[in-house]
Amino acid sequence: MMELSLIDMVFYLFSAVTVASGMLVISARNPVHSVLWLILAFFSAAGLFVLMGAEFLAMLLVVVYVGAVAVLFLFVVMMLDINFTELRQGMLQHLPLGGLVGFILLGELVALAVAWNFGADVAKNAASPAPIDTATTNTEALGQLLYTDYIFIFQTAGLILLVAMIGAIVLTLRDRPGVRRQNISVQVQRKPGEAYDLVDVDTGKGVSLPGKKG
Amino acid sequence: MVEALYTLFGGEGQFLYLVAIVASVLAIALPLLIAVAFSVYFDRKIWAAVQMRRGPNVVGPFGLLQSFADGLKLFLKETIIPAGANKVIFLLAPMLTFTLALISWAVIPFDAGMAIADLNVGILYILAISSLGVYGIIMSGWASNSRYAFLGALRSAAQMVSYEVSIGFVLVCVLISAGSLNLDVIVERQAGGVLSWNIWPFFPIFFIFFISALAETNRPPFDLPEAEAELVAGYQVEYSSMAFALFFLGEYANILLMSAVMAILFFGGWYPPLPFLDFIPGFVWMFIKIGFGFFLFAMVKAFVPRYRYDQLMRLGWKVFLPLSLFFVIFYAAIYVYGGFLPTGG
């Protein structure tokens, strides 16, 4: 019987939780529960990253995926009113087809991996989650890669994302006429004299307000 | 801190190491909970003083024990779970809020090396945990099965995600000056008296950070998730007894945490304002600075009216986001081309 160290036990705990919550994401009946299980899966994956020494990646996973992306998921899923049991009714009927597609994909991936002609240096330079040189921190190593070694590729990726963002805004922007907008700087600059008029009203005559009809 | 306790206990075996971890957690968490109880009292006292009232003054001397009496009262009340509520998530939400409010304190250094975990990515850890805080609110809002709670949760989700962006940019500015994500290093760069604190070079972004911190902790004037005038109490509306108390404690622990982060980033952490005051231990200065941050939070609550929701969103996305982005570029340019960049880190 192998002796389990504390690190090993934590590793098995995190990986068991990740796998179990991943299963529950697709099997939970309530979609909101699915998203919550997904969040747990993200979170324990971040724990696995920490165990591998990739602390920066772990924190980014939590900040970006758990803190922002999954919040938007939850936001949308909570507001939807979809009957998911109805959606699932055809599941058994489509299972063979889906399984076939998945199986073909798996086969192709395996074939690719077996037939891949690796370059001479690839095995040596295999990606590692934490910097090999322990003197540099995670943050430094990643910064060196992203902003010094691969700065142009990184910037190009950023530009592509920017284009996608502008595209999404252009597609959804509608110019609606007749909407009364609040312009805060105009409101703040308004002076008392412009906001009201003092009028002496003669008895029995009434008054017509300047700047208003009628 | 864990290591120090470990050697103190004898320094042998895995079990003792676990004991040392638990002991250091307790050494942070218990004083924190007491501090939270008193901070509720001080909050009410400051609020009362601004409005020329007395505030709590009946339980104990000067009303000091008021929070403990309130806690006891909440503890003895009945926990009510609404019939339509999703029970598990309904009860999980306050626990999550409270836990998340406590675990951020693991990386806060109260003195040189006096933190439970001295992480290389300490500031990112705090950002990560505070971005998780929104789940407690969303889950409670959804599980309560009530319209008020749900609206409060939706508001809170949008608000916290929006203001995290500008907090992130403010952190980047400070990190450029420190050259490290480690909280210890950030504080050590500010050694040498009040003039070398970050508050002077980073004066404009301190305001952005402070206002974003108000929004992030759902404090007035950004307490829209629980706006009592329109949403009764927002996401807390269905909660009673200890479940409510956990939300309440979590909220105040988060405010203290934001004050601590402010002290570390801008007010020189555990360093005294003048070098000859060195004989006073560092954690005392840290407490004073956290207290000052909390005082600012309490004062804002006392004299600022609540924002309207669209104004809140406008401030976050249209004012703070461009402004903080500008300051990132501005400070990065000054540090790089002015030759102030820290070396090593």
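Residues numbered from 1 in each chain as written. Chains lettered and ligands numbered in written order. Predicted model: local features only at pLDDT ≥ 70, side-chain atom pairs only at ≥ 80, totals over all residues. Heavy atoms only, no water.

## Notes on the interface of chain A and chain B
Here is step 1: Counting residues at the interface gives 24 residues for chain A, matched by 27 residues for chain B.
Here is step 2: Taken over both partners, the interface formed by chain A and chain B buries close to 2,400 Å², and the fraction arising from carbon and sulfur atoms is 77%.
Here is step 3: Taken together, the links from chain A to chain B amount to zero salt bridges.
Here is step 4: Where chain A touches chain B, the interface holds three residue pairs in polar contact (both at pLDDT 80 or more).
Here is step 5: Those elements that provide at least two residues to the side of chain A that touches chain B are helix 2 (31-51) and helix 3 (55-79) of chain A.
Here is step 6: Ranked by the residues each element gives to the side of chain A that touches chain B, the list is headed by helix 3 of chain A, at 13 residues. (Contact = heavy atoms within 4.5 Å. Buried area = accessible area lost by both parts, 1.4 Å probe. Salt bridge = Lys/Arg side-chain N within 4 Å of Asp/Glu carboxyl O. Polar contact = N/O pair within 3.5 Å; in protein donor to acceptor, adjacent residues only side chain to side chain. Helix = DSSP H or I, 4+ residues; strand = E, 2+ residues; numbered from the N terminus.)

## Looking at the packing of aromatic side chains
Here is step 1: Counted under the stated rule, the structure contains 33 aromatic pairs over all chains.
Here is step 2: Pairing Phe11(A) with Tyr12(A) gives two aromatic rings, centres 5.4 Å apart and planes at 70°, and the pair type is edge-to-face.
Here is step 3: Clustering of aromatic rings is evident, with ring pairs tying together Trp197(B), Phe203(B), Phe206(B), Phe207(B), Phe209(B), Phe210(B), Phe266(B), Phe267(B), Phe292(B) and Phe297(B). (Phe/Tyr/Trp six-rings, centres within 6.5 Å; stacked < 30°, edge-to-face > 60°.)

## Observations regarding the packing of helix 2 (residues 13-50) of chain B against helix 3 (residues 66-76) of chain B
Residue and element names in this part refer to chain B.
Here is step 1: It is the contact of helix 2 with helix 3, at a shortest axis distance of 8 Å, that shows an interaxial angle of 115°. In the crossing of helix 2 with helix 3, the sense of the turn from one axis to the other is right-handed. Along the contact surface, helix 2 presents Ala 37, Phe 38, Val 40, Tyr 41 and Arg 44, while helix 3 presents Gln 66, Ser 67, Phe 68 and Asp 70.
Here is step 2: Here the contact of helix 2 with helix 3 is built from residues that sort into five nonpolar, two polar and two charged. (Axes fitted to C-alpha atoms, helices over the stretch in contact; angles between N-to-C directions. Left-handed = near helix turned anticlockwise from the far one by under 90°. Nonpolar A, V, L, I, M, F, W, Y, C, P; charged D, E, K, R; others polar.)

## Thoughts on empty space enclosed by the protein
Residue and element names in this part refer to chain B.
Here is step 1: With the rule as written, the count across this model stands at three cavities of 30 Å³ or more.
Here is step 2: Roughly 260 Å³ of internal volume is contained in the largest cavity.
Here is step 3: At the level of secondary structure, the elements contributing two or more residues to the lining of the largest cavity comprise helix 4 (87-103), helix 5 (122-143) and helix 10 (241-266).
Here is step 4: It is helix 10 that contributes the most residues to the lining of the largest cavity, five residues altogether.
Here is step 5: Looking at side-chain class alone, the lining of the largest cavity contains nine nonpolar, seven polar and two charged residues.
Here is step 6: Of the volumes computed, that of the second largest cavity is approximately 80 Å³. (1 Å grid on protein atoms, 1.4 Å probe; cavity = no way out; pocket = protein on both sides within 12 Å on 5 of 7 lines; lining within 4 Å. Points joined across faces, edges and corners; volume = space filled by probe spheres on them.)

## Looking at helix 1 (residues 6-27) of chain A
Residues and elements named next belong to chain A.
Here is step 1: For helix 1, with 22 residues, the first-to-last C-alpha span of 31 Å sits near the 32 Å given by 1.5 Å per residue.
Here is step 2: Every buried residue of helix 1 is accounted for by Ser 15, Thr 18, Ser 21 and Val 25. End-on view of helix 1: buried residues confined to an arc of 135°, all on one side of the axis. More than 90 degrees from the buried face of helix 1, the exposed residues found are Leu 13, Val 19 and Met 23. (Expected span 1.5 Å × (residues − 1). Buried < 20%, exposed > 50% of the residue type's maximum accessible area, 1.4 Å probe, protein only. Arc of directions from axis to C-beta.)

## Some words on the nonpolar core
Here is step 1: In this structure, Trp105(B), Ile108(B), Tyr135(B), Ile205(B), Phe209(B), Leu265(B) and Phe266(B) are the most contacted members of the largest nonpolar core, which totals 118 residues.
Here is step 2: In contact with Phe266(B), other than residues within four places in its own chain, are Val170(B), Val174(B), Gln190(B), Trp197(B), Asn198(B), Ile199(B), Phe202(B), Ile205(B), Phe206(B) and Phe209(B). (Core = buried A, V, L, I, M, F, W, Y, C linked by side-chain atoms within 4.5 Å.)

These figures capture arrangement, not role.
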